[in-house]
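The residues making up each chain are set out below.
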Amino acid sequence: MSLFGKRQVRAEDDALLMGRGRFIDDIRLPGMLHVAIVRSAAARAKIRVNVEAARASDDVVAVITAGDLPASARVLPDCHPNPALPDPREPPVLADGEVRYVGEPICAVVARDRYLAEDGADLVEVEYETMPAIIDIEAALTAASPLVHTDVPLNRAAQIKLATGNTDQAFGAAHHIVRDRLTIQRGAGQAMETRGIVANWDRYQQKMVVWNVSQVPYVHRAAIAKALKLDEISVQVLNGDVGGGFGYKGLTYTEDLLIPVIAQMLEQPIKWIEDRAEHLIASYHERTQIHELEMALDANGRILGVRGRFLHDNGAYVPWGPVVPLLTAVNIPGPYKVPNFTVECDIVYTNTVPVAPVRGAGRPQACYVMERLLDAAGREMNIDAADLRRLNLIPPDDYPYELGFISRDGTRRTYDSGNVPALLERALDLVDYTERRQLQAKAPADGPMVGIGIACCVEDTGLGPYEEVGMSIEADGSVTVRMGTPSQGQGQRTAFAQIAADAFDIPFDKVRVVAGNTEEVRYSIGTFASRAGVVTGSAVHQAAQQMKDRALGFAAALLQTKTDALMFRDGAVVLADDTSRGVTLSEIVETSLGESGAPLALREFGPGMSVTGSFSPATNTFATGCHVAVVEVDLQTCKVNIIKYAAVEDFGNLANPLITDGQVLGGIALGIGNTFFEKVEYDEDGQILTGTFMDYLMATTMDMPRVDIDYVATPSPLNPLGMKGAGQGGTIPVPAVLSAAIDDAVRREGFRLRHAPFSESDLFQLLAESGPPLTKGAK
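Report on the accompanying structure. (Residues numbered from 1 in each chain as written. Predicted model: local features only at pLDDT ≥ 70, side-chain atom pairs only at ≥ 80, totals over all residues. Heavy atoms only, no water.)

Right, let's get into the packing of aromatic side chains. Taken as a whole and judged by the stated rule, the model has eleven aromatic pairs. Judged by centre distance (4.0 Å) and plane angle (15 degrees), the rings of Tyr253 and Tyr284 are stacked. Placement of the pair is Tyr253 in the loop between strand E12 (235-239) and helix H7 (254-266) and Tyr284 in the loop between helix H8 (276-282) and strand E14 (285-286), with a sequence separation of 31 residues. Given a relative accessible area of 3%, Tyr253 falls into the buried group. Their ring planes at 80 degrees and their centres at 5.4 Å tell us that Phe676 and Phe758 sit as a pair that is edge-to-face. Within this pair, whereas Phe676 is found in helix H17 (residues 657-676), its partner Phe758 is found in the loop between strand E31 (755-756) and helix H19 (760-769), the two being separated by 82 residues in sequence. (Phe/Tyr/Trp six-rings, centres within 6.5 Å; stacked < 30°, edge-to-face > 60°. Helix = DSSP H or I, 4+ residues; strand = E, 2+ residues; numbered from the N terminus. Buried < 20%, exposed > 50% of the residue type's maximum accessible area, 1.4 Å probe, protein only.)

See the structure below:
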């Protein structure tokens with residue numbers, strides 16, 4: 001294959017760089033009306049809503065409250081049922097008599113433009129009978145706590161328990177045990193483009209057309225059809241260009257149903273564009289967890305077992321089952337041999353924004369707690385961080401490696417392939433680990449302190465159940481690929497064109513990839529969970545194989561030979577032993593269509609050159625990675641400077657390493673934000689204190705170090721391309737590796753980072769509370 005694996009420049013970028021992108025707010029339809037949403041100003045309250053003044057305004061077209069919605073559109077449908085949560089509390093489309101978090105939608109005001117809609121929203125009067133907010137997840141589980149939902153005791157949405165081996169026996173035989181309490185704070189997605197929806201009801205065709213920024217347009221199609229009591233074929237969902245998704249755009253929001261319902265009610269096009277203030281307080285959040293874990297080791301530092309409990313803040317509702325805490329639980333062992341493992345999780349309701357997957361999706365928390373335990377063990381047992389990991393990483397000969405419990409997809413969790421020891425050694429080489437350790441030992445006590453951190457991770461990728469791809473050869477010999485997985489910047493048009501171009505030995509620019517339209521293919525799941533490259537890419541491959549077989553059949557008949565005597569060459573099918581004889585792809589298309597009024601020349605093949613292929617993975621494939629960071633910490637200012645960063649990843653075979661580099665760099669940038677900056681804070685009344693970019697901070701180019709990226713591939717045996725997902729591996733280890741490096745730099749008694757994110761002020765406080773420097777050689 002000449003294009004698969006090549007650093008092909010992205011086909012998407014020219015239009016975006018020249019300002020020709022087509023984003024949701026670019027859509028203008030005749031007679032379009034605009035919506036502003038009145039959101040709750042209280043975290044927990046009984047409400048009475050008076051909309052008379054707004055409805056009386058000449059500038060307001062309509063005001064929609066919960067009572068105006070059809071019964072089928074008052075609660076988000078359970079589009080992602082999960083047996084672990086048999087009775088989820090799904091968000092109401094509009095609050096009806098009670099609100100449960102600041103930012104919850106109460107009513108929608110419709111006007112001729114957004115300014116008038118906002119003015120109309122100001123006329124809506126909401127009377128709040130406030131009640132104590134439930135914010136602290138530990139307090140929420142006590143008998144004395146008020147309840148977010150009155151019929152859910154102890155605010156416990158669900159429980160998760162995983163166990164394998166005999167942890168009690170392992171801890172009884174341990175030479176050394178480390179324990180820790182670790183906290184990961186809440187963060188937000190904050191894509192460059194906020195959410196938005198345009199809906200248009202065609203009453204003549206009885207069809208709803210919706211433009212969205214969704215990662216899962218087919219899921220939204222099903223939800224909208226259910227809400228409007230339509231067949232799915234009567235709902236079309238379109239995606240243009242999307243300015244980032246990161247997981248939290250992969251769920252159904254209340255607005256996803258509300259806007260189409262209003263469009264059908266008023267029989268006019270309706271637009272709603274979320275502003276940044278709404279995005280900060282109403283788009284789904286992620287991450288808050290509190291872990292109390294312990295690790296048992298033998299005298300040499302080999303892990304005997306891990307056990308403990310953690311709490312997960314799920315916010316006020318459950319928009320997509322217990323996905324985030326479940327992913328945390330199953331990923332805690334990481335790429336290490338943990339023969340005995342027990343973990344329990346309580347999923348807790350609070351009066352905060354609901355929680356959904358954001359890039360990493362529970363895995364950064366798992367990596368953080370596992371690596372922090374290893375760092376504590378290394379320090380207490382005086383074992384070098386690299387040596388401790390060499391001792392405990394799963395050796396390559398042990399793959400496929402079964403962990404002993406059920407994975408997210410319901411199958412036995414089994415790592416299909418990997419070689420993390422090789423990733424570790426390559427990452428250590430990239431930072432000159434041995435030399436840096438020697439320089440660290442000789443560093444003067446009065447200068448900036450240098451530290452090195454190591455973190456290894458696993459990511460389950462290529463989530464099923466399927467993807468479908470349509471493929472056709474056009475009259476000019478070009479190839480069109482039609483798929484259901486939309487792009488939010490991942491470069492799918494490029495990578496999938498590379499796969500198709502290779503199959504037919506045609507130039508890259510002779511392939512057109514079409515997505516973002518639920519009428520292109522009948523079945524699709526979406527772009528999330530690092531699955532598009534694996535599942536859709538494999539579906540492209542399968543469709544190409546079907547199309548090749550069809551083209552070979554036509555060519556064999558036309559050339560009067562057997563199919564195994566033919567090959568593809570430069571947009572034609574030629575004889576393998578005489579490449580001067582052949583038929584072009586365009587000639588095959590012409591033959592397949594025949595002439596009007598005349599019988600087909602090759603009737604047994606049927607008309608046209610169009611096929612539909614699909615791929616259904618048997619289970620997840622597992623990507624792995626190792627990051628090593630070298631930091632410099634100024635003990636006077638607590639400024640942290642990342643002076644060297646290496647990321648070595650195993651994503652299997654890479655369709656396009658240039659795109660993958662971008663995925664890794666973007667992931668690391670988000671991980672740096674998760675480590676130092678991105679933190680949603682609430683006060684005791686449930687008011688968000690980080691509701692602007694003055695307060696909610698993110699990493700910038702000034703915070704991003706130069707990153708040395710490398711790949712060590714162990715191809716997956718679970719798909720025909722040997723690929724693994726690459727969407728989240730860059731993010732997962734970052735808080736763990738930077739925390740380890742800072743701890744290693746400071747090296748003081750009692751100084752240990754136990755929460756993320758943390759600021760320079762947090763470091764200053766920890767330093768003030770810490771003891772004297774550790775002795776030379778202590779880890």
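We now examine the sheet that holds E12. On the basis of which strands lie adjacent, the open sheet formed by seven strands has the order E3-E5-E1-E13-E10-E11-E12 and mixed pairing. The open sheet has two edge strands, strand E3 (60-64) and E12, and neither has a second partner. Strand-to-strand twist across the sheet, computed as the mean angle between neighbouring axes with direction ignored, equals 20 degrees. Sheet analysis places strand E11 (residues 207-212) next to E12, joined by five bridges and oriented parallel. Each residue of the ladder has a partner; that of Val209, found in E12, is Gln236. The sheet strands contacting helix H3 (residues 114-122) are strand E1 (33-39), E3, strand E5 (105-111) and strand E13 (270-273), and the helix crosses E1 at an angle near 30 degrees. Where helix H6 (residues 217-228) meets the sheet, its contacts fall on E11 and E12, and the angle it forms with E12 comes to roughly 145 degrees. (Pairing = 2+ DSSP bridges. Axes fitted to C-alpha atoms, helices over the stretch in contact; angles between N-to-C directions. Contact = heavy atoms within 4.5 Å.)

In summary, soluble globular proteins display a tendency toward joint burial of nonpolar side chains. With 123 residues, the main nonpolar core has Tyr645, Leu738 and Ile742 as its most contacted residues. The leading source of residues in this core is helix H10 (residues 363-381), at ten residues. Each of domain 1 (13-131 + 192-244 + 249-282) and domain 2 (285-463 + 619-769) gives at least three residues to this core. In terms of nonpolar packing, the next biggest core, distinct from the first, is built from 51 residues, Trp201, Ala223, Ile259 and Tyr284 among them. (Core = buried A, V, L, I, M, F, W, Y, C linked by side-chain atoms within 4.5 Å. Domains from an automatic or database assignment.)

Attention now goes to the packing of H17 against helix H18 (residues 734-746). Running from N to C, H17 and H18 point in directions that differ by 55 degrees, and their axes come no closer than 8 Å. Looking at the two axes, H17 sits oblique to H18. Relative to H18, the crossing made by H17 is right-handed. On H18, the residues that touch Ile668, Gly671, Ile672, Asn674, Thr675 and Phe676 of H17 are Val734, Pro735, Leu738 and Ile742. Grouping the amino acids of the contact of H17 with H18 by side-chain chemistry returns seven nonpolar, three polar and no charged. (Parallel < 35°, antiparallel > 145°, perpendicular 65-115°, else oblique. Left-handed = near helix turned anticlockwise from the far one by under 90°. Nonpolar A, V, L, I, M, F, W, Y, C, P; charged D, E, K, R; others polar.)

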